[in-house]
Amino acid sequence: MDPDRRNDGRKRMDLDPDTVERDLVKLVLTVVELLRQLMERQAVRRFDTGELSEDQEERIGLTLMLLEDRMAELRNRYGLRPEDLNLDLGPLGPLLPRD
């Protein structure tokens, strides 16, 4: 019997105490990256439709740039690459769109 499988056939998670922090950070950063990309797409749509004033456009643009920079800092701190945050959802494909 496969040692990674339980008696009921489900696959068992292999948790390593040495990587728990990094794995948790990876999961959190993946969710934040998904939200960042969604916010960026929404902002671009709003820019294109002319819904925003110049001040709002500038504030949103600056905020998104700062968030992207902070994400890069956190990825570097934990030794993660941008592609590490793109979870494979099996038949559904990757979580994040590839740019």
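Only a predicted model underlies this, so the values are computations on that prediction, with no experimental measurement involved. (Residues numbered from 1 in each chain as written. Predicted model: local features only at pLDDT ≥ 70, side-chain atom pairs only at ≥ 80, totals over all residues. Heavy atoms only, no water.)

### Thoughts on the overall build of the protein
No. 1: Along the backbone of the protein there are 2 helices and 0 strands.
No. 2: Across the 99 residues of the protein, 18% fall into the buried class.
No. 3: If you take every contact in the protein between residues at least 6 apart in sequence, the share linking residues at least 24 apart comes to 55%.
No. 4: Total accessible area on the protein stands at roughly 7900 Å², and carbon and sulfur atoms take up 54% of it. (Helix = DSSP H or I, 4+ residues; strand = E, 2+ residues; numbered from the N terminus. Buried < 20%, exposed > 50% of the residue type's maximum accessible area, 1.4 Å probe, protein only. Contact = heavy atoms within 4.5 Å. Areas by Shrake-Rupley, 256 points an atom, 1.4 Å probe, with all protein chains shown as cover.)

### Observations regarding helix α1 (residues 20–49)
No. 1: The end-to-end C-alpha distance of α1 is 44 Å, a good match for the 44 Å that 30 residues give at a rise of 1.5 Å each.
No. 2: Here the buried face of α1 lies against α2 (54–77). (Expected span 1.5 Å × (residues − 1).)

### Let's talk about the nonpolar core
No. 1: Core analysis: the largest hydrophobic core is formed by 7 residues, namely Val 25, Leu 29, Met 71, Leu 74, Leu 80, Leu 85 and Leu 96.
No. 2: Among the secondary structure elements, those contributing two or more residues to this core are α1 and α2. (Core = buried A, V, L, I, M, F, W, Y, C linked by side-chain atoms within 4.5 Å.)

### Re the environment of Met 71
No. 1: With respect to the helices and strands, the residue Met 71 is situated in helix α2.
No. 2: On a C-alpha basis, the gap between Met 71 and Pro 82 in space is 9.2 Å, while along the polypeptide they are 11 residues apart.
No. 3: Not counting the four nearest positions on each side in its chain, Met 71 is found in contact with Leu 29, Val 32, Glu 33 and Leu 85.

### Quick look at the environment of Val 25
No. 1: Along the chain, Val 25 falls in helix α1.
No. 2: By relative accessible area, Val 25 is classed as buried at 17%.
No. 3: As for Val 25 and Leu 85, which are separated by 60 residues in sequence, their C-alpha atoms are 9.9 Å apart.
No. 4: Residues in contact with Val 25, not counting those within four places in the same chain, are Tyr 78 and Leu 80.

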